[in-house]
Amino acid sequence: MLKAVKVRIYPTQAQQAHLAKAFGCVRWVWNQSLATMTATYQQTGKGVTAMTMKKSIPLWKAEFEWLSECYSQCLQQSVLNLGVAFGNFFDGRAMYPTFKKRQGKQSIQYPQNVKILSDYEIKFPGKLGTVNAKVHRDIKGTLKTVTLSKNPDGRYFASMLVDDGIECPESSSDGKILGIDLGLTDFAVTSEGSKYQHPRATKKHENNLARKQKKLSLKKNKTSNNRRKARLAVAKVHCKIKRVREDFLHKLSRKIVDQNQVIVVENLAVRNMVKNHCLAQAISDAGWGMFCTMLKYKAERVGKVYLEIGRFFASTHLCSDTLKPLPKMDLSVREFDCPHCNHRHDRDINAAINIKNEGLRVLTLGTSVIAPEGYVRPKQYGRKSTTIAAVVVEGRSPHSNRFGESVG
Ligand SMILES: [Zn+2]
């Protein structure tokens with residue numbers, strides 16, 4: 001099983017300076033390759049493979065001496081990652097790759113040769129050398145790719161992909177099955193009737209963020225030290241909001257996976273919904289995509305089943321007792337009297353039960369029995385990226401633990 005552990009690292013001043021250069025080199029190679037690949041694609045209609053692009057690196061190095069500052073495998077990895085990004089784009093899983101900016105999160109990837117020396121030291125190849133770290137977890141197995149990153153708030157992390165050599169346990173669907181309806185009114189509603197409110201992280205920290213953004217907007221001189229400090233303060237609030245949200249998602253997904261054997265969720269095609277601007281802020285805040293990824297990997301690791309059912313399955317438009325179609329309802333209708341079974345249904349719980357029943361059908365028959373109008377087999381957006389993302393979230397720095405110990 002692949003598992004990613006993210007630990008905080010503490011580079012010295014000199015190492016930070018070196019890393020700043022390395023981030024710059026990797027960013028430059030990415031942007032240069034992206035420009036070349038885009039131009040070739042526009043002129044000839046054909047793509048350039050990452051392997052071809054990789055051959056340009058020695059030429060660039062001959063031309064720009066400063067590129068040698070960076071460990072060469074990191075430069076190559078950057079080009080290969082761009083190849084993956086293009087692959088995701090052509091398969092319809094992702095947007096067209098974008099240029100990397102100097103602001104925002106920076107990272108470089110070491111494909112091999114990183115060693116954990118002790119709980120306090122990690123040795124990187126090249127000029128970087130040994131960096132102080134807080135390895136807060138026992139890391140057993142082979143170390144694969146290591147991603148070294150710097151958050152906008154100035155903290156450094158190493159995310160280490162480890163192969164522990166243990167096979168995933170065989171999955172079994174014997175046991176309790178739970179349907180989950182993800183929504184805007186409540187974050188999640190289960191087929192058992194539990195409702196979980198939104199983390200509302202942004203709301204809680206909104207005032208703090210607004211105050212610091214105001215301060216930043218008053219600093220007119222783009223190069224001043226005070227402006228840099230104000231920007232750091234804003235970045236810190238953003239990072240805090242992110243941690244609060246992730247903590248909520250980790251705890252809820254852990255609870256659900258621990259209590260159930262089969263978890264059924266509707267494939268929401270979150271990307272499509274985020275395009276709707278009115279709902280965009282609320283949906284991005286909600287973090288449904290991340291939640292589903294967490295449910296998936298937490299379930300698979302213990303041999304439980306995570307099931308996504310078709311996005312066009314009409315969970316809200318069926319009576320969960322009689323399976324008969326319901327008349328169209330406005331989004332504001334939260335409860336209704338059913339014309340078929342004469343019960344009063346809660347809209348979201350009814351949907352969650354439908355999702356659970358549909359999951360049961362898929363499990364026992366292998367296909368969906370109900371095919372209401374418009375049921376189309378959805379294109380599997382995000383499947384590959386879900387698998388990749390699924391290994392990259394486990395484990396957090398000891399400094400995040402203020403917000404929750406039971407992560408992962
Ligand atoms: Zn009914």
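Since this is a predicted model, take the numbers as computed values, not measurements.

Student: What is the right way to look at the overall build of the protein chain in this model?
Tutor: If you tally the helices and strands in the protein chain, you get 11 helices and 14 strands. Per-residue burial over the protein chain gives 30% buried out of 408 residues. Intrachain contacts of the protein chain at a sequence separation of at least 6 include 70% that bridge at least 24 residues.

Student: Please explain the sheet that holds strand 2 (residues 106-110) as it appears in this structure.
Tutor: Strand pairing in a sheet is mediated by backbone hydrogen bonds. Such pairs are either parallel or antiparallel. If you trace the 7 strands from one edge of the open sheet to the other, you get 2-6-7-1-5-4-3, paired in antiparallel fashion. Among the strands making up the open sheet, the edge pair consists of strand 2 and strand 3 (115-118). Within this sheet the neighbouring strands show an average axis-to-axis angle of 35°, counted without direction. Here strand 6 (residues 142-150) pairs with strand 7 (residues 156-163) via 7 bridges, running antiparallel. When the bridges of strand 7 are listed, V146 appears paired with M160.

Student: Looking at this structure, I do not really get the pairing of strand 2. What am I missing?
Tutor: If a strand is regular, its side chains alternate between the two faces of the sheet. Here strand 2 shows one buried face, formed by Q106, I108 and Y110, and one open face, formed by S107 and Q109. Two elements, strand 2 and strand 6, share 5 bridges in a ladder whose sense is antiparallel. For Q109, the partnering residue across the bridge sits in strand 6 and is T147.

Student: Where do I start with unusual backbone geometry in this structure?
Tutor: Glycine aside, the phi torsion of most residues is negative, and most peptide linkages are trans. Backbone geometry at N113 places phi at a positive 70°, although glycine is not the residue there. Relative to the assigned elements, N113 resides in the loop between strand 2 and strand 3. Given 13 C-beta atoms within a 10 Å radius, N113 is considered partly exposed. Within the chain, L323 stands out as a residue other than glycine whose phi angle is a positive 65°. Inspection of the secondary structure puts L323 in the loop between strand 12 (305-309) and strand 13 (335-337).

Criteria and thresholds
- Residues numbered from 1 in each chain as written.
- Predicted model: local features only at pLDDT ≥ 70, side-chain atom pairs only at ≥ 80, totals over all residues.
- Helix = DSSP H or I, 4+ residues; strand = E, 2+ residues; numbered from the N terminus.
- Buried ≥ 20, exposed ≤ 12 C-beta atoms within 10 Å, placed from the backbone.
- Contact = placed C-beta atoms within 7 Å.
- Pairing = 2+ DSSP bridges.
- Axes fitted to C-alpha atoms, helices over the stretch in contact; angles between N-to-C directions.

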